[in-house]
Structure formats: structure tokens, C-alpha cells
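# Inside the fold
As a plain string of letters, each chain reads:
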Amino acid sequence: MAPEAPKVKEAEAKPKADKRVNCLACNKVVKKLKRYYRNGKYYCSKKCWREFIKKSKAEEKK
């Protein structure tokens, strides 16, 4: 029998990449400690979420 190659765990083989998410209103990078999640999207604050809602409603009226 041939010796088996040492098994490497998948977690060790691939470094876990952080998912970079930008705020939809101001395009800042949203950090894990400070984020606002609404309707499946990330925002940096409640203020940016409200601004994004206002912009989207204005675009729908046009």
C-alpha cells in the first residue's frame, strides 16, 4: 500500500475572506460592529437607510 497524503482541513487551506459590504446610501464600507440591516441590505446607519428610501421613492415617481 502507498502511504496516504496528509489530510488538510478545508478551513486551514483557504483563509476566510471577510465579506466587504458598502452602504447603499453613502457607499462607505460597513463594518461588523456598526451596521444597520433592513430588507436584505446593509447600511451604515438608520439615517442612511432613510435617505436611501427617500431616493428610491423619488426615482419611482419619475
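Here the structure is a predicted model, which means the values were calculated and not measured.

Checked against the element boundaries, lysine 46 lands in helix H2 (residues 46-61). With relative accessibility at 40%, the residue lysine 46 sits in the partly exposed group. A sequence separation of ten residues divides lysine 46 from tyrosine 36, and the C-alpha atoms of the two residues are 6.5 Å apart.

The next point concerns the nonpolar core. Among the nonpolar cores identified, the biggest contains seven residues, and these are Cys23, Ala25, Val30, Tyr36, Tyr43, Cys44 and Cys48. Setting aside chain neighbours within four positions, we find cysteine 48 in contact with Cys23, Ala25, Cys26 and Tyr43.

Now for the confidence of the model for the chain. In the predicted model, the chain carries a mean pLDDT of 80, and the fraction of residues at 70 or more is 71%. Of all secondary-structure elements in the chain, the lowest mean pLDDT belongs to helix H1 (residues 10-13), at 55, while H2 reaches the highest, 92.

Looking at the secondary structure, you find cysteine 26 in the loop between strand E1 (21-22) and strand E2 (29-30). Once the C-alpha coordinates of cysteine 26 and cysteine 44 are considered, the two residues, 18 residues apart in sequence, prove to be 8.2 Å apart.

What counts and how
- Residues numbered from 1 in each chain as written.
- Predicted model: local features only at pLDDT ≥ 70, side-chain atom pairs only at ≥ 80, totals over all residues.
- Heavy atoms only, no water.
- Helix = DSSP H or I, 4+ residues; strand = E, 2+ residues; numbered from the N terminus.
- Buried < 20%, exposed > 50% of the residue type's maximum accessible area, 1.4 Å probe, protein only.
- Core = buried A, V, L, I, M, F, W, Y, C linked by side-chain atoms within 4.5 Å.
- Contact = heavy atoms within 4.5 Å.
- pLDDT = per-residue confidence, 0-100.

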